[in-house]
Structures are given as C-alpha cells and as structure tokens.
Amino acid sequence: MSTTWSPSSWREKPIAQDVTYENQEDLEKVLGKLRHLPPLVTPTEIDRLRAQLADVAQGKAFLLQGGDCAELFSACSQDPIEHKLSLILLMSLIILHGSRLPVVRIARIAGQYAKPRSKPTEVVDYPVGDGKTEKREVMSFRGDNVNGFEVTDRTADPERLLSAYFHSSATLNYIRALLSSGFADLNTPRAWSFSHVRSPALQSAFEEVIDSLMDSLDFMRVAAGKGDGSGARGGTDTVDFYTSHEGLSLEYEEALTRGVPKHSGAGSSSFARPARPEGSTSRASSKVRNPAPRGEAQAEDGGLEKFYNLSSHFIWIGDRTRQLDGAHVEYFRGIQNPIGIKVGPTMGGDELVKMLDIVNPDNIPGKVTLISRYGADKVGKFLPGHIEAVKKTRHIVVWQCDAMHGNTKSSETDPSLKTRHFVDIISEISTSMKIHQELGTILGGVHLELTGEINEDGFSVTECIGGSMDLMDKDLSLNYLSHCDPRLNYEQSLDVAFLISDYLRA
Ligand code: PEP
Ligand code: MN
C-alpha cells in the first residue's frame, strides 16, 4: 500500500458498489457546491468522540450505536427525530443504570442515506398508464441520496447528494437545538415520550430505573450542597450525542473532507477548509496530491495538514466495500475520524490484521471499532478466531456487536418481507459477551437497527419478531415501514437495553 494519501486518492483504486451517473457535469457541479458548503461537525467533536471510544476499548464506557438501516429524507421531521433521540437516550439510561458505565451514544442519523445492495438492478412491476404495469429491470434502490424508492424514480440523480447534505444539516440542527434546550436533561426522562409503551412490565421496569436514578441525582445534589432544588444538576442537564453513517458515497465523503493545518491543534474547526481547489474532482483527471505521510498532506502554506470528514462524527466501512486494495479502505485510512469496520463470516483473520495495519498504522486509541456481524448461529464459529488474530497484534480496538445483519430472514407469511427474530439478536449479543469474557477481551458496545417511529394510532413498527410485545410473523404486515432492513421497534429496543443492562450488571 502506497503511503501517498489525499482525500481523492481513492479514485485510483477499484471501487465496489459504485453508482454511475449519466451526466458527469451535473455531478461535478454538485460536488463543487458541496465542497463550498460549511462542515456539519467539527474536529473538536470528532476528537472528543475518539477519546471516548478509547475509554470504551478499555472497558471504561459502553458504546450504544443505533438507528435506521436506511434513513429517508422524509424522516427529517420533528417527530421522527424526537422519537429516535428519546429512544437512544432512554436505552442509554437503562444501560448506564445496570452497568454503572458512561454510555457513548452514536446514532445512525443525519447522513445514513446511502445503501449497498446485493444486486445492482431488480425486475419490478413498472406502471405504464391506465393502471397497467409491465415487468422492467430498474436500478435497485440505493438510498435517498442516490435514487428514489418509487420504481419510476430509480435513475441516480446527483442533486440528491446536495439534498442529503441539507437534510443531514436540518436533522443535526434540530438535534443540537433539542439538546441545548434540555431535552436530554436527566432530571426529566419521563418526558421522553414513553407513555405509548403498552407493556405494563416494561413501563414498571422503566419506572424503577428512573426512580433509582432520581435517587442518585438527589444524592448528588445534596452532596454538592444544593439540596434546595436550586438547579444544580451535577452535569446531568445534557449529554454528548454523535452522528454516524456508512461512508459509501465516496464523492460525497471527499467533498466534506477538510484539511486542518497540523500546527493549529485539534479543535480549530475554523481552520478546516476544502481539501482541494474547486473544479478538480473528475475521477478521470484526478491527481494524487504531494507525497505525504499517512493521513497528512502538504498544506498549501507548506505546513502539514490533517484531514477530517466533517459530514459526521463517525463513519464505517460496510461488509461489501472492505476490500483491502479497494477505494473505500483507501479513503478511510487517511481521515482523523474514528471509524468502524464491519466484520462478517467472510473476513479472514490475516485479512483483519492487514486491515488494522492499513487504517490505523499508528495504533491510535479509539480510532477503530470492529463491528462484528455474523449471525446468532455463526458467532461462536467466527468471533473467537477474529479476537485471537487481533490479540496477537499491538492493535487496541473497540469490539462492537452488530446483532442485526447476520440475522436477517424472510417472513414465513410474506416472503417478500425481511425480518429478524428478537431471540437471535439477543443470542448474538450474549454469546459475543461470553466469548469476549472467556478470551479476556471486552465487548465494548452494540450496533442496532432501531426506530422510535410510531403511526398515527400510536403503534410501533412491526418489522422484527418477538420481544415483550410478542410480535409474531403474521403481525409483520400490520405496520411494516422500513424500505430496507427490519428495525427493532420502540419496545423491542428497550427490551434489548434491559437485557444488556442485566448482562453488564452480572
Ligand atoms: C448496514 O449496516 O446497514 C449494512 C448494510 O451492514 P453490512 O455492511 O454489515 O451488511
Ligand atoms: Mn441494514
């Protein structure tokens, strides 16, 4: 692997899951605009998350990451954002209560639009007028930042990349506004739209958590000499909340990658600037910048600069785009952000170690999260080998269990629907914890597809089977809303949080 890296050096490598745009000029215009737009997050926030993930790697904090499989532009609206935020906050409280560990919260939000697909095209019933349809092969739905879910809207449109930026920015703006207005105040968790949860057992379990946390908060207030209710909150009035997405659309990621002069120090977000002059992004004509050490390049003033992807705090490489000599690994190896790498059954132990050598040669703590996703029936076979392979190296990683992507099945009542069984999800998490314990490593966190979405009648989605609501296969069609993978609903997500909380207490 060459040591020459620039935000565009991925363009020289083979790329998996690429999107072909019919009009390159339109794409270039959009990318030029994206390079000009302000960052969505700052290097300071990114560095803070990396430091917190370094704690997770050592078992001093727990990582909770979750959200939609495919975020939709239509989810950029008050209720869906509040529901997602409140669900992740509730889960984190439940986990914190059991584990007594700080919880690092990362949502798959404000940019989780691009989707890899197993097939580039699909045959659909295409409307041809008068209520008639004919079979046609169209591009698969690749996520709202590429094409539309409607079969008549499947052509890749570069304007959607710009739309992705603005929807991310509106979503993030509302999250920041909620957090700075006390939405995450630990003194008022009952306000986090918990009332629609129908299971009395779940309601009372949650009440217990809240009562006990309230006691602790009262104690802290008294201990701080503010027992008069005068407002001392012991730092509990807001929380850190980070964003993440799969770093799949490299054109977009490159355009939001900004250089920070090295001597300016981390946190000088005002120094972040577009990585390359406008008008130089065409893949064919792209040039690699001056040779420079890993993740650093020669700044225009002659000083070295570091590069941050300022579209999100954390991005990950999917299981389909993690080729060692491919474009995605090339891009990821140069940025300062903490990154995730999906690790499935087809990853070899040697391959995993080579990957770590490439993306984190300096073994920076908190830099890499390995997101294992084997399936409940395969985790026992593959996780031990991967742990042993990493243990033989000097690499320190965060081990995170994605208990969703190896557990996808077809519904028995409607094979066109994908589903996941709650028991498989729980089994993969608990088996992972056990294996880590036996091998002397730490399961630092979980990665879940979940949603707080409810319909007008106050019903949660019905996409996964089981949990305290006892959802059955035949119930799936009642309120199945996902355009991609099935997500845990509000109650099922809280069930998972309680189980994790119990495991960590034990
Ligand atoms: C995902 O996280 O939505 C995903 C596609 O996962 P994976 O790359 O592990 O299949
Ligand atoms: Mn998914």
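Relevant structure appears above.
A brief report on the enclosed structure follows. Counting of residues starts from 1 at the beginning of each chain's written sequence and follows it residue by residue. Note on labels: chains are lettered from A, ligands numbered from 1, in written order. Only residues with pLDDT of 70 or above have their local features reported here, since the model is predicted, and side-chain atom pairs are shown and tallied only from 80 upward, although totals for entire chains, interfaces and linings are computed over all residues. Side-chain numbers come from the whole structure's heavy atoms, not from hydrogens or water.

## Looking at the layout of surface pockets
The condition that has to hold: The pocket and cavity definitions rest on a 1 Å grid over protein atoms only: a 1.4 Å probe that fits but cannot leave marks a cavity, an open set with protein on both sides within 12 Å along at least five of seven lines marks a pocket, and residues lining either have an atom within 4 Å of a point. Grid points are joined across faces, edges and corners, and a volume is the space filled by probe spheres set on the points. By definition, any uninterrupted DSSP run of H or I lasting at least four residues is a helix, any uninterrupted run of E lasting at least two residues is a strand, and each is numbered from the N terminus. Under this grouping Gly is polar, as are all residues other than the nonpolar Ala, Val, Leu, Ile, Met, Phe, Trp, Tyr, Cys and Pro and the charged Asp, Glu, Lys and Arg.
Roughly 620 Å³ of volume is contained in the largest pocket. Pro116, Arg117, Ser118, Lys418 and Cys484 are, among the 31 residues lining the largest pocket, the residues nearest its centre. Examining the composition of the lining of the largest pocket, we find that three residues originate from one element, strand 3 (residues 121-129), more than from any other. Classifying every residue of the lining of the largest pocket gives eight nonpolar, eight polar and 15 charged.

## What to know about the sheet that holds strand 15 (residues 418-421)
The test is simple: Should DSSP find at least two bridges between two strands, the strands are regarded as paired. The contact rule is simple, with two residues in contact once any of their heavy atoms fall within 4.5 Å. Angular values range over 0 to 180 degrees, each being the angle between N-to-C directions of two axes fitted as lines to C-alpha atoms, with helices fitted over their stretch in contact.
Within the open sheet, the three strands sit side by side as 14-15-17. Their pairing is mixed. Pairing within the sheet leaves two strands with one partner each, and these edge strands are strand 14 (409-410) and strand 17 (464-465). As paired strands, strand 15 and strand 17 are joined by two bridges and run parallel to one another. Each residue of the ladder has a partner; that of His421, found in strand 17, is Ile465. In the packing of helix 10 (residues 422-439) onto the sheet, contacts are made with strand 14, strand 15 and strand 17, and the angle to strand 15 comes to roughly 55°.

## Describing the site of ligand 1
Keep this limit in mind: The rule for a residue being near a molecule or strand is that one of its heavy atoms must lie within 4 Å of it. Within 3.5 Å is the distance limit for a polar contact, defined as a pair of N or O atoms, with the added protein rule that one can donate a hydrogen and the other accept it, and that residues adjacent in sequence qualify only through two side-chain atoms. For accessible areas, the Shrake-Rupley method is used with a probe of radius 1.4 Å. Any residue's cover is judged against the shown protein chains and nothing else. To qualify as sitting in a cavity or pocket, a molecule needs more than half of its atoms within 2 Å of the grid points.
For ligand 1, the full set of nearby residues is Cys69, Arg108, Lys115, Pro116, Trp316, Gly318, Asp319, Arg320, Lys342, Arg373, His405 and Glu449. Here an oxygen atom of ligand 1 sits 2.8 Å away from a polar atom, N or O, in the main chain of Asp319. Protein chains bury 97% of the 300 Å² of accessible surface belonging to ligand 1 in isolation. Taken atom by atom, the bulk of ligand 1 overlaps the largest pocket.

## A few points about the environment of Val359
Mapped onto the fold, Val359 is located in helix 8 (residues 349-359). Measuring from C-alpha to C-alpha, the distance between Val359 and Glu330 comes to 8.3 Å, with 29 residues separating the pair along the chain. With residues up to four places along the chain from it excluded, the contact list for Val359 reads Val329, Arg333, Ile339, Ile341, Lys367 and Val368.

## Re the coordination of the manganese ion (ligand 2)
What counts here: The donor set comprises N, O and S atoms within 2.8 Å of the metal, extended to 3.2 Å for Na, K and Ca; water molecules are omitted, so apparent gaps in a site may simply reflect that omission. In this scheme, a residue with accessible area under 20% of its type's maximum is buried, one over 50% is exposed, and one in between is partly exposed, where area comes from a 1.4 Å probe on protein chains only.
For the manganese ion (ligand 2), the protein coordination sphere consists of Cys69 (SG), His405 (NE2), Glu449 (OE) and Asp485 (OD), at 2.2 to 2.5 Å. Residue Cys69 is classed as buried on the basis of its relative accessible area, which comes to 1%.

## Regarding empty space enclosed by the protein
Here the structure, examined in full by the defined rule, presents two cavities of 30 Å³ or more. Its volume calculated, the largest cavity comes out at about 110 Å³. What lines the largest cavity is a set of 15 residues, and nearest its centre among them are Asp18, Val19, Leu248, Ser249 and Glu251. Looking at the lining of the largest cavity residue by residue, the class counts come to nine nonpolar, three polar and three charged. Size it by volume and the second largest cavity reaches roughly 80 Å³. Along the walls of the second largest cavity sit 14 residues, with Gly111, Asn145, His245, Tyr252 and Glu253 positioned nearest its centre.

## Examining the packing of aromatic side chains
Put simply, the test is: Pairing of aromatic side chains here covers Phe, Tyr and the six-membered ring of Trp, requires ring centres within 6.5 Å, and sorts the geometry by plane angle: under 30 degrees stacked, over 60 edge-to-face, intermediate tilted.
If you walk through the whole model with that rule in mind, you get seven aromatic pairs. Pairing Phe73 with Tyr113 gives two aromatic rings, centres 4.9 Å apart and planes at 75°, and the pair type is edge-to-face. You can see Phe73 sitting in the loop between strand 1 (62-67) and helix 3 (78-99) and its partner Tyr113 sitting in the loop between strand 2 (103-108) and strand 3, a full 40 residues away along the chain. The exposure classification of Phe73 matches that of Tyr113, with both residues buried. Taking 5.4 Å as the distance between ring centres and 90° as the angle between the ring planes, the aromatic pair formed by Phe141 and Phe149 counts as edge-to-face.

## Side note on the nonpolar core
Rule in force here: Think of a nonpolar core as a cluster: buried Ala, Val, Leu, Ile, Met, Phe, Trp, Tyr and Cys residues, connected wherever their side-chain atoms sit within 4.5 Å.
Counting residues in hydrophobic clusters, the biggest one holds 75 residues, and the most contacted among them are Leu34, Ile429, Leu448, Leu488 and Leu494. Considering every element that reaches this core, the biggest residue donor is helix 3, with 10 residues. In this structure, Leu34 is in contact with Leu161, Leu162, Tyr165, Tyr252, Ala255, Leu256 and Arg258, ignoring residues within four places of it in sequence. Grouped together as the second largest cluster of nonpolar side chains are 31 residues, Ile335, Ile358, Leu383 and Ile387 included.

## Concerning unusual backbone geometry
Residue Asp130 is not a glycine yet carries a positive backbone phi of 55°. Tracing the chain through its elements places Asp130 in the loop between strand 3 and strand 4 (132-139). Even without a glycine there, the phi angle at Asp470 is positive, about 60°. Along the chain, Asp470 turns up in the loop between strand 17 and helix 11 (490-505).

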